[in-house]
Amino acid sequence: MLKVGLTGGIGSGKSEVAARLAARGAVVIDADALAREVVGWGTPGLAAVVAEFGPDVLLPSGELDRPKVGSIVFSDPERLKALNAIVHPLVGRRMRELMDAAPAGSVVVYDVPLLAENGAASAAAYDEVVVVDVPEETQVDRLTSRRRMTEADARARMAHQATREERLAVATRVIDNSGGLDVLEEQVEALWKVLAARAAAT
Ligand code: ADP
């Protein structure tokens, strides 16, 4: 099994790369989806969040009011730490379960938006770290034209993420997604060959 971390700034094309790797047979584990799953309706994770933050963070449906929690932790690092202390171990456990279930020789791709932000030690847990790289102006263009974000919103989100340089510093492979989707496809195909060969040798 080959453990591959996949990251990139918001709007870089990371999801496009993940989908193309999945289509070729990679087992893709989406860290954001897991973070939502472990505090889903009725889970022990959600109970722990309510114990920590109070019942006001629940919607009438019994689901977590994510924007509300977001607004609490956004401006308070201590509260963010408390939330992460609940969510991170649960995500870690779920990741290990999914990894254990992957067939031998698999390429397991961890789609982790904040991989670079989590530091070099966390990057070192992967056999390869693939960074999807684009100039910041391309991120802004794609977020405003394709995701209907305002330019100010796009830039604010980007400002909360690692810089391009910080991400490139943890990369073992870089996908340059400044071209069109056809160029991306070619790069993913080349990357897949390398990853599949490495996985088969493990
Ligand atoms: P991320 O997951 O990194 O936030 P996405 O993969 O969702 O980014 O890409 C952001 C948007 O840009 C999507 O609508 C996607 O289809 C589009 N996109 C990604 N790569 C390219 C490309 N090379 N050319 C044109 N559009 C692209």
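This is a predicted model, so every value here is computed, not measured.

S.K.: Looking at this structure, I do not really get the domain arrangement of the protein chain. What am I missing?
M.R.: Note: interface size is frequently given as the accessible area lost on complex formation between the parts. Once the domains are mapped, the protein chain shows domain 1 (1-26 + 106-202) and domain 2 (41-104). Between domain 1 and domain 2, the C-alpha centre-to-centre distance is 24 Å. A combined buried area of about 560 Å² lies between domain 1 and domain 2, and 69% of that area is made up of carbon and sulfur atoms. Looking only at domain 1, the three residues that lose the most surface to domain 2 are Met 1, Ser 106 and Tyr 110, adding up to 68% of its buried area. Connecting domain 1 to domain 2 are 0 salt bridges. Connecting domain 1 to domain 2 are 2 residue pairs in polar contact (both at pLDDT 80 or more). Across the side of domain 1 that touches domain 2, the residue classes break down as 3 nonpolar, 2 polar and 1 charged.

S.K.: Teacher, can you tell me more about the site of the ligand here?
M.R.: Near the ligand there are 15 residues, and of these Gly 11, Ser 15, Glu 16, Arg 147 and Asn 177 occur at the shortest range. In this structure, Gly 9 approaches the ligand through a main-chain N or O atom, which is 3.4 Å from an oxygen atom. Within the side chain of Ser 15, one N or O atom sits 2.5 Å away from an oxygen atom of the ligand. Its free accessible area being 560 Å², the ligand has 86% of it covered by the protein chains.

S.K.: I would appreciate a short explanation of the packing of helix α3 (residues 44-53) against helix α5 (residues 77-101) in the present structure.
M.R.: At their nearest, the axes of α3 and α5 sit 10 Å apart, and the two run at 165 degrees to each other. Considering the angle they form, α3 stands roughly antiparallel to α5. Regarding α3 and α5, the two cross each other, and that crossing is right-handed. Packed against α3, whose contacting residues are Gly 45, Ala 48, Val 49, Glu 52 and Phe 53, the element α5 presents Arg 79, Ala 82, Leu 83, Ile 86 and Leu 90 at the interface. When its residues are assigned to classes, the contact of α3 with α5 shows 7 nonpolar, 1 polar and 2 charged.

S.K.: Even after reading the chapter, I still don't get the environment of Val 91, so can you show me in this structure?
M.R.: Of note, Val 91 is situated in helix α5. The sequence separation of Val 91 and Gly 5 amounts to 86 residues, and the corresponding C-alpha distance is 15 Å. With residues up to four places along the chain from it excluded, the contact list for Val 91 reads Leu 34, Ala 35 and Val 38.

S.K.: Just to check I follow, could you spell out the sheet that holds strand β3 (residues 107-111) for this structure?
M.R.: Remark on secondary structure: sheet strands pair via backbone hydrogen bonds, oriented parallel or antiparallel. Read from one edge of the open sheet, 5 strands run β2-β3-β1-β4-β5, paired in parallel fashion. Only two strands of the sheet have a single neighbouring strand rather than two, namely β2 (27-30) and β5 (173-176). Geometrically, the sheet is characterised by an average inter-axis angle of 25 degrees between neighbouring strands, direction not taken into account. Two strands pair when backbone bridges link them, and β2 and β3 are joined in this way by 4 bridges, in the parallel orientation. Bridge pairing in β3 links Ile 29 to Tyr 110. Sheet contacts for helix α1 (residues 14-23): β1 (2-8), β2, β3, β4 (128-133) and β5; angle to β1, the most-contacted strand, approximately 155 degrees.

S.K.: What is the right way to look at the pairing of β4 in this model?
M.R.: In the case of a regular strand, side chains alternate between the two sheet surfaces. Along β4, 6 of the 6 residues are buried, which leaves the element largely enclosed by surrounding structure. Taking every second residue as pointing to the same face, both faces of β4 are buried, with Glu 128, Val 130 and Val 132 on one and Val 129, Val 131 and Asp 133 on the other. By the bridge criterion, 5 bridges tie β1 to β4 in an arrangement that is parallel. For Leu 6, the partnering residue across the bridge sits in β4 and is Val 130. Pairing of β4 with β5, which is carried by 4 bridges, proceeds in the parallel orientation. Counted as the bridge partner of Val 131 is Val 174 from β5.

The rules behind these values
- Residues numbered from 1 in each chain as written.
- Predicted model: local features only at pLDDT ≥ 70, side-chain atom pairs only at ≥ 80, totals over all residues.
- Heavy atoms only, no water.
- Domains from an automatic or database assignment.
- Buried area = accessible area lost by both parts, 1.4 Å probe.
- Salt bridge = Lys/Arg side-chain N within 4 Å of Asp/Glu carboxyl O.
- Polar contact = N/O pair within 3.5 Å; in protein donor to acceptor, adjacent residues only side chain to side chain.
- Nonpolar A, V, L, I, M, F, W, Y, C, P; charged D, E, K, R; others polar.
- Near = heavy atom within 4 Å.
- Areas by Shrake-Rupley, 256 points an atom, 1.4 Å probe, with all protein chains shown as cover.
- Axes fitted to C-alpha atoms, helices over the stretch in contact; angles between N-to-C directions.
- Helix = DSSP H or I, 4+ residues; strand = E, 2+ residues; numbered from the N terminus.
- Parallel < 35°, antiparallel > 145°, perpendicular 65-115°, else oblique.
- Left-handed = near helix turned anticlockwise from the far one by under 90°.
- Contact = heavy atoms within 4.5 Å.
- Pairing = 2+ DSSP bridges.
- Buried < 20%, exposed > 50% of the residue type's maximum accessible area, 1.4 Å probe, protein only.

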